[in-house]
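What the coordinates show
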Amino acid sequence: MKAPLFLFSIVLLSLFSSCGSNKELQERAPAQFNQVYYSETEDGLDLYIPVSVIQESRVELESVYFRGMHSPLQLDEEQSGLYVASFDLGKGDQVMHVDPKEEYGNKAPQPPKESPFKINKDEAVLVFKQNDKTKYYKLTGIEERN
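Residues numbered from 1 in each chain as written. Predicted model: local features only at pLDDT ≥ 70, side-chain atom pairs only at ≥ 80, totals over all residues. Heavy atoms only, no water.

**Notes on the packing of aromatic side chains**
Taken as a whole and judged by the stated rule, the model has 5 aromatic pairs. Look at F66 and F87: their rings are 6.1 Å apart centre to centre, the planes differ by 45°, and that puts the pair in the tilted class. Here F66 is found in strand β4 (residues 59-66), whereas its partner F87 is found in strand β7 (residues 82-88), with 21 residues between them in sequence. Given a relative accessible area of 2%, F87 falls into the buried group. Here the aromatic residues Y38, F66 and F87 are joined through ring pairs into a cluster of three or more. Note that R145 overlies the ring of Y37, its terminal NZ or CZ placed 4.1 Å from the centroid. (Phe/Tyr/Trp six-rings, centres within 6.5 Å; stacked < 30°, edge-to-face > 60°. Helix = DSSP H or I, 4+ residues; strand = E, 2+ residues; numbered from the N terminus. Buried < 20%, exposed > 50% of the residue type's maximum accessible area, 1.4 Å probe, protein only. Lys NZ or Arg CZ within 6 Å of the ring centre and 35° of its normal.)

Here it is, written out as C-alpha cells:
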C-alpha cells in the first residue's frame, strides 16, 4: 500500500517542479535584427540591438543577459529601432578616502546574474514577451565597436 502512494507522490512532485522551470530558447527570432554590438563606456559597457522589423503589437523586448549580467532594454530616443542595455562595471572615477563618508556617491558594480542558458562571450540571451508569454532568444556573433 505504501509503494503506490510513494510512487504517486514522486510523480506529482516531478510535475510541479518541472512547470516553473520550463525555459527554452526560441528557434525563430522575435524580430529582424541587424548586427548586434557593444562598446565600452567610462563606467561599463552598452549593448546595442538594432531592430529593422518588429511586430510591436505582439512582441515586447524586455531585457538581456550578457557576460554574466542582466539589464533591461531601453528604446533609444534618437535612433529609431535601436534597443540599448547598459551594464555598470563600476569602472568610473572612484573616490577612495580614509573617511568612508567621503566615498559616498561611488557607484557599485552591477551584481552578477547568470543567464538561464549557457552562452559564450560573444552571445547574449534576449528576454521578450510574445502574446503575454516570456520567451528567450539567443543573439550570436556580438562584436565590439568603439
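**Overview of the sheet that holds β4**
Taken in spatial order, the 4 strands of this open sheet run β5-β4-β8-β9, and their pairing is antiparallel. Sheet topology places β5 (69-72) and β9 (133-139) at the edges, where each strand pairs with a single neighbour. The mean angle between the axes of side-by-side strands here comes to 25°, regardless of whether they run parallel or antiparallel. Relative to β5, β4 runs antiparallel, the two being bridged by 4 bridges. Within β5, the position partnered with V64 by the bridge is S71. (Pairing = 2+ DSSP bridges. Axes fitted to C-alpha atoms, helices over the stretch in contact; angles between N-to-C directions.)

**Concerning the pairing of β4**
Two faces belong to every sheet, and in a regular strand the side chains alternate between them. Counting buried residues along β4, 6 of its 8 residues qualify, which places the element largely inside the surrounding structure. Where β4 and strand β8 (residues 124-130) come together, 7 bridges link them in antiparallel fashion. Bridge assignment links V64 to a residue of β8, and that residue is L126. The turn linking β4 back onto β5 is made up of 2 residues, and R67 within it adopts a positive phi angle of 50°.

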